[in-house]
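# Commentary on secondary and tertiary structure
What follows is each chain in one-letter form.
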Amino acid sequence: MENPTLFDYSMVKGTVEAILFQNKDNFYTVLKVDPIETNEDFDNMPTIVGFFPEIAEGDVYTFKGQAVTHPRYGKQLKAETFEKEVPQTKDAIISYLSSDLFKGVGKKTAENIVNTLGENTINKILDDRSVLEEVPNLSKKKQSQIADQIYSNQEVEKIMIRLHDLGFGPKLAMSIYQVYQSDTLQTIEKNPYDLVYDVRGVGFHKADTLAKNLGIEYNAPERLKAGLLYTIEEECIKQGHTFLPKDYVLETSLEMLSKGYDQTIDVSMLEKVNFEWVTVEEAIQHLDDYNKGFEASLEAIEKEPLFDMREMRTTSKRISELLEGDE
């Protein structure tokens, strides 16, 4: 399938009957669903696999993805996105609010809320969380906890769907969400190059494609910074260089940054970029470690992560220090 959209994917809507497995680190999950609606021919209860940070047995979800055949377990749905169906009946809402998702909310409290707000309870809270003040004997703290959890449940699903639309697979999307949480979409749309520094598995070219699609200019400072960093990392770590002349770094960066654009980037644009880096002495020391062997280098980097781009942003020296050389 070429460039599929969510409308092209296999779909299963149903009640989660059992969570068979969930990795607590990356939320990879295997579950069984009692189908209400599907466009695939599954035997019995479909098995759904994917990365689901918030999922609860007994709730209704719509999963979209690819139908695959496992050599041992047979046909399953490998989900790319998931979306929880908002409970509509009183019994369903009571069950939802008294589930494990809402700590400290028992059945009596859930019944009290639903009896006060009616069958449109969830949507009312999403529209205006202050409606919980109408519920008798519900403390301010509990009101806040319930509203926050409902918002959180809706938010995660929307973020995962948006990340899918931006071209991220479910595993990488989950990694991104784990870093930024509720700020995910705001962070990416403000500066997608942050992904390069913060999320393992996202390189410059992936972030650059995303930035172009989001309308970020070819000569934006954040793009030039990320491009310079990418050039230095590629040349130093992957090629084993221990010294890079200033002109070489600038020329290589310019060539890479200009690909795919009609406009050209002037060298002065890069020279004006105010970019934090490490001292030359630190760079040479770590590059010497790298040349002694890959494993030794990794150990050194883990202890003092010179080339962990998440740390590069917080250092105190400017890139000009590293680029300085004998003219």
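The protein chain is annotated in an unreviewed UniProt entry as ATP-dependent RecD-like DNA helicase from Staphylococcus simulans UMC-CNS-990.

Taken as a whole and judged by the stated rule, the model has seven salt bridges. Close ionic contact of K13 with E85 constitutes a salt bridge, the shortest N to O distance being 3.8 Å. Taken as a pair, K13 in strand β1 (residues 10-22) and E85 in the loop between β5 (74-84) and α1 (90-97) lie far apart in primary sequence, 72 residues in all. On the basis of relative accessible area, E85 is assigned to the partly exposed category, the value being 28%.

Turning next to the side chain of K142. Mapped onto the fold, K142 is located in helix α4 (residues 140-165). Setting aside anything within four residues of it in sequence, one finds K142 in contact with K103, G104 and V105.

Our focus in this paragraph is the packing of α1 against helix α2 (residues 107-117). Relative to each other, α1 and α2 sit at 135°, their axes nearing to 8 Å. It follows that α1 is oblique to α2 by the angle criterion. For the pair α1 and α2, the crossing hand works out as right-handed. Across the interface between the two elements, K90, I93, I94 and L97 of α1 pack against K107, A110, E111, I113, V114 and N115 of α2. Partitioned by chemical class, the residues of the contact of α1 with α2 number six nonpolar, one polar and three charged.

Moving on, we get to the pairing of β1. Remember that side chains alternate between the two faces of the sheet whenever the strand is regular. Bridge count between β1 and strand β4 (residues 60-70): six bridges; the pairing is antiparallel. Paired with K13 across the strands is T62, a residue of β4. Strand direction decides the pairing type here: β1 and strand β2 (residues 28-38), joined by nine bridges, are antiparallel. Bridge pairing in β2 places F21 opposite V30.

Now for the nonpolar core. F63, L97 and F168 are the most contacted members of the largest nonpolar core, which has 78 residues in total. If sequence neighbours within four positions are ignored, F168 has contacts with L163, A173, I176, L195, V202, K206 and L210.

The next thing to look at is the sheet that holds β1. Taken in spatial order, the five strands close into a barrel running β1-β2-β3-β5-β4, and their pairing is mixed. Between one strand axis and the next, the sheet turns by 50° as a mean value, whatever way the strands run. With three bridges joining them, strand β3 (residues 47-51) and β5 adopt parallel strand pairing. Pairing of I48 across the sheet is with L77, part of β5.

What follows covers unusual backbone geometry. Despite not being glycine, F27 has its phi angle at roughly 65°, a positive value. Considering the arrangement of structural elements, one finds F27 in the loop between β1 and β2. Given a relative accessible area of 21%, F27 falls into the partly exposed group. With a phi angle near 55°, Q181 is a residue other than glycine that sits in the positive phi range. Take Q181: its relative accessible area is 37%, and that puts it in the partly exposed class.

With that settled, the discussion passes to the environment of L97. Of note, L97 is situated in helix α1. Taking the C-alpha atoms as reference points, L97 and K107, separated by 10 residues in sequence, lie 7.8 Å from one another. Beyond its immediate chain neighbours, meaning those up to four positions away, L97 contacts F102, V105, A110, I113, V114, I122, I146 and I150.

When pLDDT is averaged along the protein chain, the result is 79; 80% of the residues meet or exceed 70. Between residues 274-284, whose pLDDT stays under 50, and residues either more than four places distant or in other chains, the model counts 36 contacts. For residues 289-327, every residue scores under 50 in pLDDT, and the model assigns this stretch 68 contacts once sequence neighbours within four places are set aside.

Each value, and the rule that gives it
Residues numbered from 1 in each chain as written. Predicted model: local features only at pLDDT ≥ 70, side-chain atom pairs only at ≥ 80, totals over all residues. Heavy atoms only, no water. Salt bridge = Lys/Arg side-chain N within 4 Å of Asp/Glu carboxyl O. Helix = DSSP H or I, 4+ residues; strand = E, 2+ residues; numbered from the N terminus. Buried < 20%, exposed > 50% of the residue type's maximum accessible area, 1.4 Å probe, protein only. Contact = heavy atoms within 4.5 Å. Axes fitted to C-alpha atoms, helices over the stretch in contact; angles between N-to-C directions. Parallel < 35°, antiparallel > 145°, perpendicular 65-115°, else oblique. Left-handed = near helix turned anticlockwise from the far one by under 90°. Nonpolar A, V, L, I, M, F, W, Y, C, P; charged D, E, K, R; others polar. Pairing = 2+ DSSP bridges. Core = buried A, V, L, I, M, F, W, Y, C linked by side-chain atoms within 4.5 Å. pLDDT = per-residue confidence, 0-100.

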